[in-house]
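Now for the letters of each chain:
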Amino acid sequence: MVTAFEETDGDFVETINVFRQTVVEQEENVVFLNQLDNDANPNIHKLTTNPEVWEDTDGQIDIFVAAIGTGGTISGADAYLKSKNKAIQIIGIGPAVNSIAAVDNPDIIEITTASPMLTRLARYRMFI
């Protein structure tokens with residue numbers, strides 16, 4: 001995966017495509033869950049993660065912020081939390097390339113694109 005990630009200049013979706021072509025389609029006995037195109041991914045967050053967020057906050061939630069990887073958490077949040085309160089803002093933040101582990105960047109300290117957004121949102125009441 002690291003080689004595929006580097007070959008695609010950090011394009012996550014293209015990395016998955018390269019992985020599919022070079023490993024999944026070439027090797028035997030490989031199980032590939034493909035969370036980018038698997039309805040179980042957002043559904044499990046809709047059924048478990050986000051009801052827990054709603055219950056733990058007693059429904060007192062204005063903004064939900066999540067990092068975007070496969071999109072499952074944010075999609076599940078949108079489906080569930082918006083069904084509870086249409087006014088909730090759902091915000092997805094994509095990590096910068098330098099915040100993703102790679103051979104030349106193995107020690108990640110923070111998700112660099114999240115910090116400025118979280119700093120601005122800190123003025124408001126929010127739960128993550």
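Note that the structure is predicted; figures quoted are calculated from it, not measured. (Residues numbered from 1 in each chain as written. Predicted model: local features only at pLDDT ≥ 70, side-chain atom pairs only at ≥ 80, totals over all residues. Heavy atoms only, no water.)

Engineer: Is there a simple way to explain the pairing of strand 1 (residues 63-67) in this structure?
Structural biologist: Remember that side chains alternate between the two faces of the sheet whenever the strand is regular. Counted residue by residue, strand 1 has four buried out of five residues, so it is predominantly covered. As defined by bridge partners, strand 1 adjoins strand 2 (residues 89-93) across five bridges and the pair is classed as parallel. Its bridge partner lying in strand 2, Val65 is registered against Ile91. Assessed by its sense of winding, the connection that carries the chain from strand 1 through helix 4 (residues 72-84) to strand 2 is right-handed. (Buried < 20%, exposed > 50% of the residue type's maximum accessible area, 1.4 Å probe, protein only. Helix = DSSP H or I, 4+ residues; strand = E, 2+ residues; numbered from the N terminus. Pairing = 2+ DSSP bridges. Right-handed = clockwise from strand over helix to strand, strands pointing away.)

Engineer: What's the story with helix 4 in this structure? I'm lost.
Structural biologist: A turn of α-helix holds 3.6 residues, and therefore any two residues three or four places apart point the same way. For helix 4, with 13 residues, the first-to-last C-alpha span of 18 Å sits near the 18 Å given by 1.5 Å per residue. Among all positions of helix 4, only Gly72, Ile74, Gly76, Ala77, Tyr80 and Leu81 are buried. Contact partners of the buried residues in helix 4: helix 3 (40-56), strand 1 and strand 2. (Expected span 1.5 Å × (residues − 1). Contact = heavy atoms within 4.5 Å.)

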